[in-house]
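# Residue-level structural notes
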Amino acid sequence: MLQKFIDNTFYYLFVFALVFGVVFYDATRYFSFVDEICAIVLCALYGYYVFHTPNWSVNKLFLLTLGVFFFYLVYSLAIQCNSKAGIVTDFIIQIKPYLAFFTVYAFKPVLNETMKRNLRLLAVLFSIYLLGVGITVPFTSKILDALLHHESRLATAATIMALLYLYCSNYTLKDKVIFLLILSIGLLSGRSKIYGFFVLATFVVFYVNGSFELKFNKKNVVLFSLASVAVLIAAWSKINFYFIEGGIGNPRDAYDYYARAALYFFSVDIFKDYFPFGSGFATYATFASGQYYSHIYNDYGMDIMHGLNERHPDFIADTYYPALAQFGVVGLFLFFAFWGILTKKALINFSKVNLKDFTINILIILFFLIECTSDATITHNRGLFMMMLLALSLNSQYKSKQANKV
């Protein structure tokens, strides 16, 4: 009875998050606290699960993660890096994706075939809606701006629909083709990241098949090297701008590009000047650091830049990796250690009997690592949904591996 209650409650929350947190989030801007609602419900569901299990088991990595965040909360309050309201706001924003992942990973909901069929149908229907919005982009930006707010939202929403469809499918050749067709809707956004991710996803989905061997050999090295080169070519414009030239991008987004490049540039100084724990919550490259304008921007002369000043902080939270300067080299290490641990879990549970979940897990991890270069998706509504899907898929992969051992 407990598991059935968990499964049903999670399913309805999952659909709610998909509808209002992914597809119509920007069209219903007065309902902007969807991710907070989801995080609260997930925590409540997790608490219910823990107190109704005999051993009250708690994931050690979850406890460690909570400990790290509370340490940085106390640290930020102690050094008074911003107002208390700003620090607490940023603390809540930064911890949400991890709460979503670990709660779902802990109470292990199972979606039955009816639930998966419904989710597949929703993924297809919403993809048609996204396609309708996407095809208007070459002619006018007004429709996209009203319904999705920005081109990048089209790319991330299409990616979520594609991965959700794949997770709920039987992983046949037909399902793989539909996955790529849905993902290709994101190409209408014109964002370099989705071009690179599309190339990568195509390679992974078709290369990781029944004959694939998960080992270090000449064939895998050559093919993955070729795939990496293809991704670099597809996303070269952004790579060239951020890490090589630091020049001018698309004229429409020129100010946006300059702001992001500046955030990367000055993050190096912040890592050095605030060694080893960083400048603290709500100080750099986050929404809260703009809403409760951080002294860091004045200290480093960034307050004269368009999109980074107190009157117009529009582009302060348009990337994520620079925001890790808030947590210093220690936080930087812990962030990548987290993704390294998840990658290790996916690799350990690799099984040829169920390639689907392994493929999805790797793609979601790669999605976040790519997305963090020029967007803070991980801390937004769509990032929260993707973290829930990642936890679902990791659990499915583990259960499949255990079932095959019996």
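What comes next concerns the included structure. All values reported here derive from a predicted model rather than from experimental measurement. (Residues numbered from 1 in each chain as written. Predicted model: local features only at pLDDT ≥ 70, side-chain atom pairs only at ≥ 80, totals over all residues. Heavy atoms only, no water.)

Okay, the overall build of the protein next. Check the secondary structure of the protein and you find 17 helices and zero strands. Taking all 406 residues of the protein together, 54% fall into the buried category. Split by element, the accessible area of the protein, about 18100 Å² in all, is 68% carbon and sulfur. (Helix = DSSP H or I, 4+ residues; strand = E, 2+ residues; numbered from the N terminus. Buried < 20%, exposed > 50% of the residue type's maximum accessible area, 1.4 Å probe, protein only. Areas by Shrake-Rupley, 256 points an atom, 1.4 Å probe, with all protein chains shown as cover.)

To continue, consider the packing of aromatic side chains. Tallied over the full model, the rule gives 41 aromatic pairs. Consider the rings of phenylalanine 197 and phenylalanine 367, whose centres lie 6.0 Å apart with planes at 75 degrees: the pair is edge-to-face. On the criterion of sequence distance, the pair formed by phenylalanine 197 in helix 9 (residues 192-207) and phenylalanine 367 in helix 16 (residues 355-371) is long-range, its members being 170 residues apart. Since its relative accessible area comes to 3%, phenylalanine 197 is described here as buried. On the accessibility criterion, phenylalanine 367 (5% relative accessible area) is buried. (Phe/Tyr/Trp six-rings, centres within 6.5 Å; stacked < 30°, edge-to-face > 60°.)

In this section: a nonpolar patch on the surface. Together, Leu121, Val124, Leu125 and Ile128 line one region of the surface with nonpolar side chains, adding up to about 360 Å² of accessible area. On the secondary structure map, isoleucine 128 appears in helix 5 (residues 113-134). (Patch = residues over 30% accessible without salt bridge, like charges linked within 9 Å, V, L, I, M, F, W, Y side chains within 5 Å. Salt bridge = Lys/Arg side-chain N within 4 Å of Asp/Glu carboxyl O.)

Right, let's talk about helix 15 (residues 328-348) for a bit. Note: α-helices contain 3.6 residues per turn, so residues at a spacing of three or four share the same orientation. An ideal rise of 1.5 Å per residue puts 30 Å on 21 residues; helix 15 measures up with 30 Å between its terminal C-alpha atoms. Of all the residues in helix 15, the buried ones are Gly328, Gly331, Phe335, Phe338, Trp339, Leu342 and Ala346. For helix 15, the angular spread of the buried residues around the axis is 110 degrees, confining them to a single face. Of the residues in helix 15, the exposed ones pointing more than 90 degrees away from the buried face are Phe333, Lys344 and Ile348. (Expected span 1.5 Å × (residues − 1). Arc of directions from axis to C-beta.)

Let's shift gears to unusual backbone geometry. Excluding glycine, residues mostly carry a negative phi; peptide bonds, for their part, are mostly trans. With an omega dihedral of 0 degrees, the bond running from phenylalanine 275 to proline 276 counts as a cis peptide bond. Here proline 276 shows up in the loop between helix 12 (254-273) and helix 13 (287-291). Its identity as a non-glycine residue notwithstanding, glutamine 80 has a phi of 50 degrees, on the positive side. Take glutamine 80: it is sitting in the loop between helix 3 (60-79) and helix 4 (84-107). In this structure, alanine 285 takes a positive phi of about 60 degrees despite not being glycine. A residue is classified by how much of its surface remains accessible, and alanine 285, at 2% relative accessible area, is buried.

Residue position: cysteine 168 is located in the loop between helix 7 (151-167) and helix 8 (173-184). Remark: the alpha-carbon pair of cysteine 168 and lysine 356, spanning 188 residues in sequence, is separated by 9.8 Å. Excluding anything up to four places from it in sequence, cysteine 168 contacts Lys116, Leu119 and Arg120. (Contact = heavy atoms within 4.5 Å.)

This part takes up the packing of helix 7 against helix 8. The description of two packed helices rests on the angle between their axes and on the distance between the axes. Close contact between helix 7 and helix 8 brings their axes to 8 Å; oriented N to C, the two are set at 170 degrees. In terms of orientation, helix 7 and helix 8 fall into the roughly antiparallel class. Residue-level contacts link Ala158, Thr159, Met161, Ala162, Leu163, Tyr165 and Leu166 of helix 7 to Asp175, Lys176, Ile178, Phe179, Ile182 and Leu183 of helix 8. When the residues that make up the contact of helix 7 with helix 8 are grouped by side-chain class, the tally is 10 nonpolar, one polar and two charged. (Axes fitted to C-alpha atoms, helices over the stretch in contact; angles between N-to-C directions. Parallel < 35°, antiparallel > 145°, perpendicular 65-115°, else oblique. Nonpolar A, V, L, I, M, F, W, Y, C, P; charged D, E, K, R; others polar.)

Two numbers describe how helix 3 lies on helix 4: the axes approach to 10 Å, and their chain directions differ by 175 degrees. Classified by the angle their axes make, helix 3 and helix 4 are roughly antiparallel. Contacts between helix 3 and helix 4 involve Leu61, Phe62, Thr65, Leu66, Phe69, Phe70, Leu73, Ser76 and Leu77 from the first element and Lys84, Ile87, Phe91, Gln94, Ile95, Tyr98, Leu99, Phe102 and Thr103 from the second.

Just distances and angles here, no functional claims.
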